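Residues per chain are reported as follows:
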Amino acid sequence: MKIISYNVNGIRAAFTKDFLGWLLVADPDVICIQESKAGNDQIDIESLQQNGFFSYWHSAQKKGYSGVGIASKVQPNHIEYGCGIEHYDSEGRIMRADFDGFSVISVYVPSASNIERLDFKMKFCYDFLNYIKDLKKTIPNLI
């Protein structure tokens, strides 16, 4: 099983720079994508499907901001959008795909590009750690 994580810094721009060609050469079973910066209607989901990938996207409410996705060759049993904490979920920072025997999380951790966001990033990290600890009680094989 080959799992890749990739911060694309904009999925639309990545597609114009041959993201799909790269993806086919990299040949992952699952790819977690961060910083998609696009709504579902702006992502070339059809090209992914035509090349054998099921894809799921969790976009931020704010247009052109953050967002995560998961694409896989095998259809997941379940997709979980967000972690249940609204101020993170509205930014499209976390999603999970459950497969037979394991689950994969795509997470986009907030940057601390300025001092005002440092507290937000640190709070996110602590909250995410608690979320993962809780989740591992029911999903022990969590990637």
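Residues numbered from 1 in each chain as written. Predicted model: local features only at pLDDT ≥ 70, side-chain atom pairs only at ≥ 80, totals over all residues. Heavy atoms only, no water.

Turning to the sheet that holds strand E4 (residues 68–72), a few remarks are in order. Ordered by their spatial adjacency, four strands build an open sheet running E1-E2-E4-E3, and the pairing between neighbours is mixed. Across the chains shown, the open sheet's two edge strands, defined by having one partner strand only, are strand E1 (3–7) and strand E3 (54–58). Across the sheet, the axes of successive neighbouring strands diverge by a mean angle of 15 degrees, strand direction being ignored. In this sheet, strand E2 (residues 30–34) lies alongside E1 in parallel orientation, the contact comprising five bridges. In the sheet register, Ile-3 faces E2, and the bridge partner there is Val-30. (Pairing = 2+ DSSP bridges. Helix = DSSP H or I, 4+ residues; strand = E, 2+ residues; numbered from the N terminus. Axes fitted to C-alpha atoms, helices over the stretch in contact; angles between N-to-C directions.)

Moving on, we come to the sheet that holds strand E5 (residues 78–81). Picture the strands of a sheet paired through backbone hydrogen bonds; they go either parallel or antiparallel. Read across the sheet, three strands follow the order E5-E6-E7 without closing on themselves; strand pairing throughout is antiparallel. What marks the edges here is a single partner per strand, and that holds for E5 and strand E7 (102–107). Pairwise comparison of adjacent strand axes, ignoring direction, gives a mean angle of 15 degrees for this sheet. Taken together, the six bridges between strand E6 (residues 94–99) and E7 define a ladder with antiparallel strand orientation. The residue bridging Phe-99 from the neighbouring strand is Phe-102, located in E7. Each of E6 and E7 is contacted by helix H5 (residues 115–138), which is oriented at about 170 degrees to E7, the strand it contacts most. (Contact = heavy atoms within 4.5 Å.)

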